Amino acid sequence: MKKLIVFTIFFCSCIFSCKYGVTMNIDNTTNDLITNIKVTNGFNEVHIDTLKGKTTKELFLDFKSNNTKADGAFEISFKRNLKRESQKFDYYSNGIPSVESYEIVIKNDTVIVR
């Protein structure tokens, strides 16, 4: 009986304290000002208005609002020098992300996702 109570307390504390989503670390390694940054999973999105050159910001893309068990992909889009750029990357399956975090590195001519 004691083990059941301890297990129940542990299980409930994990369920209510765990984040359900993906952390995105966005690193602008260029000297350019990046604006209108959006990271989406298709049903939820997070935004950064501006990201100065040589700076990094962390975002959390929540999966709690996902009511489906669908598959999908992530996408980052942003403006640099008034030009819209976007890139799809990685995927999730059955509404569950496969990793806890991504590092998105914006370079002069490409975007690298790790």
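Heads up: these notes are all about the structure in this document. What you see is a predicted model, and the numbers here were worked out from it, not measured in a lab. (Residues numbered from 1 in each chain as written. Predicted model: local features only at pLDDT ≥ 70, side-chain atom pairs only at ≥ 80, totals over all residues. Heavy atoms only, no water.)

What to know about the pairing of strand 5 (residues 72–80)
Bridge count for strand 2 (residues 34–40) against strand 5 is five bridges, and the pairing is antiparallel. Looking across to strand 5, one finds that T40 is bridged to E75. The pairing of strand 5 with strand 6 (residues 83–93) spans nine bridges and is antiparallel. Residue F78 lies in a different strand from strand 6, and its bridge partner there is E85. Hairpin connection between strand 5 and strand 6: a loop of two residues separates the two successive antiparallel strands, and N81 in this loop has a positive phi of roughly 55°. (Pairing = 2+ DSSP bridges. Helix = DSSP H or I, 4+ residues; strand = E, 2+ residues; numbered from the N terminus.)

What about the packing of aromatic side chains?
Inspection of the entire model under this criterion finds nine aromatic pairs. Their ring planes at 85° and their centres at 5.4 Å tell us that F43 and F63 sit as a pair that is edge-to-face. With a gap of 20 residues between them, F43 in the loop between strand 2 and strand 3 (45–51) and F63 in the loop between strand 4 (55–62) and strand 5 connect regions that are remote in the sequence. Note on F63: relative accessible area 0%, which makes it buried. An aromatic cluster of three or more residues is present, and its members are Y20, F43, F63, F74, F89, Y92 and Y102. (Phe/Tyr/Trp six-rings, centres within 6.5 Å; stacked < 30°, edge-to-face > 60°. Buried < 20%, exposed > 50% of the residue type's maximum accessible area, 1.4 Å probe, protein only.)

Looking at the sheet that holds strand 5
Reading across from one edge, 3-2-5-6-7 is the order of the five strands in this open sheet, with antiparallel pairing throughout. Single-partner strands in this sheet number two, and they are strand 3 and strand 7 (96–97). Where strand 2 lies against strand 3, six bridges are found, and the strand directions are antiparallel. In the sheet register, K38 faces strand 3, and the bridge partner there is H47.

Describing the environment of R80
Take R80: it is sitting in strand 5. Using a relative accessible area of 4% as the deciding quantity, one classes R80 as buried. Sequence separation between R80 and N36 is 44 residues, and the spatial gap between their C-alpha atoms is 9.0 Å. Setting aside its immediate chain neighbours within four residues, R80 contacts T30, D32, L33, I34, E85, I106, K107 and N108. Within the structure, R80 has its side chain in polar contact with the side chain of E85 (distance 2.9 Å). Within polar-contact distance, the side chain of R80 engages the backbone oxygen of N108 at 3.5 Å. (Contact = heavy atoms within 4.5 Å. Polar contact = N/O pair within 3.5 Å; in protein donor to acceptor, adjacent residues only side chain to side chain.)

Some points on the side chain of S77
Note on placement: S77 falls in strand 5. The buried category is assigned to S77, whose relative accessible area is 8%. Ignoring any residue separated from it by four or fewer positions in sequence, one finds S77 in contact with N36, I37, K38, R84, E85 and S86.

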